Amino acid sequence: MLLKQQIATHLVYKIMSKIEDKFNETLRVVGAYDLEPMSFVDENGNNSGYNVDFIYRVGEELEVNIDLDLMNWSQAIDSFKNGNYDMIIGVGNNAVIQDWVICSHSILSEEFTVFYNNTEDFMFNDLYNSKIAMQDDSVFKFLIENYYKFDAELIYYPSVSEAMFSLNSNQNDYVVAPRTVGNILINKNSYKNISDSNLIIYNAQYCIGVKPDNDELVNKINEVIVNLNEESKEIEMPEFDFHVGTKRYNGKKLKLADDEVLVIEGIHCLNDKLTSR
C-alpha cells in the first residue's frame, strides 16, 4: 500500500513538474482598477475587464504566468516606470511618442468625450477659461497639453473615478474621460447631475505597454495579437441566467467558418438589478 502511494505521489509530482516547466516564467502586469469595462475590480474583488481577459490570453499563448495588479492609474504608471512590472495594460497610443514605454498593436479603441453638469447648458466654447478634470497621464493629457492648447485650467487626478467625483461635487466644471468608462461611473454612483455631452474629441487606441528596452517581448505580443485576429478558434459561448443575474457556461461552442462574419449586437436597457452581477 505504501509503495502504491509513493508511486502515485511520484507520478503526480512528474505531472505537476511538466505543468510548471511549461509556465516557468512569470510576467508582472499592472493596470487601472476603475476603467470599467476595460480593467476594474468587481464586487467580489476579482480583476475583470476586456484588457484583463486579453492579457491572460496573451499569457496562455506565450506560455507564461501572468501576475496582475490593478491600482489607480497614477500608481500604475509610477510602478511601471520604476521597473516593478514587465507590462502595463490600458496604455493609449499617445505613449508611442513618449520614452517610458513601447506600445503593442492596438487591442481596443475608446472615444474620449466631455462630461458636464447638466444643470447648465453645454457648448464647446464653454471649455475655454474653465476647470477641466481628467485622469493624470491619460491618453488625452499629452494631446491637450501639447497640441490642443486649451486656454483652461487642467486638474489631474490619480483615477477617472476621482475626476468624476470632483465634477459631481462641483470642484470642477468638466471632465474629459473615456466615454464608456465615464457613463458606467455615472450609473454606478448615481451621479444624476452629470451628463455625457456626446462631443467626441478624441478616439484613443489602447495597447499593451512594455519596457522600452524589451523589443523582443513587444514583438511576441504583436505576433499573438495578429494570430488571434487572423485565426478562427473555437470558443465556449456563455448565456445570461436571468434567475441568478449572472452568466453561465453550458458547453455551447462556436467557431466561425472562412465565409462567415461575426455580428455583435449590444443589449440595452436591461434591468440593473438583474445585470449587476
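Just above sits the structure.
Residues numbered from 1 in each chain as written. Predicted model: local features only at pLDDT ≥ 70, side-chain atom pairs only at ≥ 80, totals over all residues. Heavy atoms only, no water.

### Quick notes on the nonpolar core
Here's step 1: Formed by 45 residues in total, the largest nonpolar core has its most connected members in Ile88, Phe115, Met164 and Val175.
Here's step 2: Looking at this core element by element, the count peaks at six residues for strand E12 (residues 194-210).
Here's step 3: Residues contacting isoleucine 88, with those up to four places away along its chain left out, are Val30, Trp73, Ala76, Ile77, Phe80, Val101, Cys207, Ile208 and Gly209.
Here's step 4: In this structure, Leu27, Val29, Val210 and Ile225 belong to the second largest nonpolar core, which totals 18 residues. (Core = buried A, V, L, I, M, F, W, Y, C linked by side-chain atoms within 4.5 Å. Buried < 20%, exposed > 50% of the residue type's maximum accessible area, 1.4 Å probe, protein only. Helix = DSSP H or I, 4+ residues; strand = E, 2+ residues; numbered from the N terminus. Contact = heavy atoms within 4.5 Å.)

### Examining the pairing of strand E1 (residues 26-32)
Here's step 1: Extensive coverage of E1 is indicated by the burial of five of its seven residues.
Here's step 2: Relative to strand E5 (residues 65-71), E1 runs parallel, the two being bridged by seven bridges. Bridge pairing in E5 places threonine 26 opposite asparagine 65.
Here's step 3: Pairing geometry for E1 and strand E6 (residues 87-92), over two bridges, is parallel. Looking across to E6, one finds that valine 30 is bridged to isoleucine 88. (Pairing = 2+ DSSP bridges.)

### Here's the deal with the packing of aromatic side chains
Here's step 1: This model, assessed by the stated rule, comprises five aromatic pairs.
Here's step 2: When the centroid spacing of 6.0 Å and the interplanar angle of 75° are considered together, the rings of phenylalanine 80 and tryptophan 100 count as edge-to-face. Residue phenylalanine 80 is found in helix H3 (residues 73-81), and its partner tryptophan 100 is found in the loop between E6 and strand E7 (102-103); the two are separated by 20 residues along the sequence. In this structure, phenylalanine 80 and tryptophan 100 share a single accessibility class: buried.
Here's step 3: For the pair phenylalanine 122 and tyrosine 174, a centre-to-centre distance of 5.5 Å together with 70° between the ring planes defines the contact as edge-to-face. Of the two residues, phenylalanine 122 sits in the loop between strand E8 (108-117) and strand E9 (131-135) while tyrosine 174 sits in strand E11 (residues 174-178), which places them 52 residues apart along the sequence. For the residue pair phenylalanine 122 and tyrosine 174, the accessibility class agrees, reading buried in each case.
Here's step 4: An aromatic cluster is present here, built from Tyr116, Phe122 and Tyr174 joined pairwise through their rings. (Phe/Tyr/Trp six-rings, centres within 6.5 Å; stacked < 30°, edge-to-face > 60°.)

### Section: the sheet that holds strand E2 (residues 34-35)
Here's step 1: Reading across from one edge, E2-E3-E4 is the order of the three strands in this open sheet, with antiparallel pairing throughout. Each end of this open sheet is capped by a strand with a single partner; those strands are E2 and strand E4 (47-48).
Here's step 2: Where E2 lies against strand E3 (residues 39-41), two bridges are found, and the strand directions are antiparallel. Residue pairing for E3: aspartate 34 is matched across the bridge by phenylalanine 40.

### So, the pattern of salt bridges
Here's step 1: Using the criterion set out here, one finds seven salt bridges in the structure.
Here's step 2: Its salt-bridge partner being arginine 28, residue aspartate 69 comes within 2.7 Å of it at the nearest N-O pair. With aspartate 69 in strand E5 and arginine 28 in strand E1, this residue pair connects regions lying 41 residues apart in the sequence.
Here's step 3: Classification of arginine 28 as partly exposed rests on a relative accessible area of 31%.
Here's step 4: Between arginine 57 and glutamate 61 there is a salt bridge; the shortest N-O distance is 3.1 Å. Of this pair, arginine 57 and glutamate 61 are both found in helix H2 (residues 50-62), four residues apart, which corresponds to roughly one turn of the helix.
Here's step 5: Among the residues examined, arginine 57 registers a relative accessible area of 28% and is labelled partly exposed.
Here's step 6: Taken together, the shared-partner salt bridges connect Arg28, Asp67 and Asp69 into one network. (Salt bridge = Lys/Arg side-chain N within 4 Å of Asp/Glu carboxyl O.)

Nothing here speaks to function; it is all geometry.
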